[in-house]
Amino acid sequence: CVLIFTFIWNWYIHQAYHTENHYLNNFEWFRKNKEFHFQHHYHPTTNFGITNSTFDKLLNTYRENK
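All values reported here derive from a predicted model rather than from experimental measurement.

Attention shifts here to the overall build of the chain. Summing up its helical and strand segments, the chain has three helices and zero strands in all. Along its sequence from the N terminus, the chain presents helices and strands in the succession α-α-α. Over its C-alpha trace the chain gives a radius of gyration of 12 Å, about what one expects of a compact globule, namely 11 Å for 66 residues. Oriented by its inertia axes, the alpha-carbon framework of the chain measures out at about 30 × 30 × 20 Å. For the chain, with 66 residues in total, the buried portion stands at 30%. If you take every contact in the chain between residues at least 6 apart in sequence, the share linking residues at least 24 apart comes to 25%. Measuring between centres, the 6 positive side-chain charges of the chain sit 4 Å from its 5 negative side-chain charges.

Below, the structure is given as structure tokens:
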């Protein structure tokens, strides 16, 4: 059940990142994570996390937003 919820949540957030004017853009946490996520598109070997950077920091794939 937790795995299914996690998959659905990650899928939903990922879709929201790529949807212009999504209502979640009203939230600071979303905009911050969206910037983090788009670093992955510019540097494909970094920032795999969709909703946070925890595992990227643990696995040394984290790249600071610049």
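Its 15 residues give helix α2 (residues 28-42) an end-to-end C-alpha distance of 22 Å, which sits within 8% of 21 Å, the value for a rise of 1.5 Å per residue. Of the surrounding secondary structure, the elements contacted by the buried residues of α2 are α1 (2-17) and α3 (54-58).

Tracing the chain through its elements places His22 in the loop between α1 and α2. Excluding its chain neighbours within four sequence positions, the residues that come into contact with His22 are Tyr12 and Ala16.

In this section: the pattern of salt bridges. Taken as a whole and assessed by the stated rule, the structure comprises one salt bridge. One salt bridge connects Glu28 with Arg31, and the closest N-O pair in it is separated by 2.7 Å. Taken together, the residues span about one helical turn, with Glu28 and Arg31 both in helix α2 at a distance of three residues. Judged by its relative accessible area of 33%, Arg31 falls in the partly exposed class.

Our next topic: the nonpolar core. Ile13, Ala16, Tyr17, Leu24 and Phe30 form the largest nonpolar core, which has five residues in total. Sort the elements by how many residues they give to this core and α1 lands first, with three residues. Discounting residues that sit within four places of it in the chain, Phe30 has contacts with Ile13, Ala16, Tyr17, Leu24 and Asn25.

Each value, and the rule that gives it
- Residues numbered from 1 in each chain as written.
- Predicted model: local features only at pLDDT ≥ 70, side-chain atom pairs only at ≥ 80, totals over all residues.
- Heavy atoms only, no water.
- Helix = DSSP H or I, 4+ residues; strand = E, 2+ residues; numbered from the N terminus.
- Rg over C-alpha atoms; globule rule 2.2 N^0.38 Å.
- Buried < 20%, exposed > 50% of the residue type's maximum accessible area, 1.4 Å probe, protein only.
- Contact = heavy atoms within 4.5 Å.
- Lys, Arg positive; Asp, Glu negative; His and termini not counted.
- Charge placed at Lys NZ, Arg CZ, Asp CG, Glu CD.
- Expected span 1.5 Å × (residues − 1).
- Salt bridge = Lys/Arg side-chain N within 4 Å of Asp/Glu carboxyl O.
- Core = buried A, V, L, I, M, F, W, Y, C linked by side-chain atoms within 4.5 Å.

Keep in mind these values describe shape, not function.
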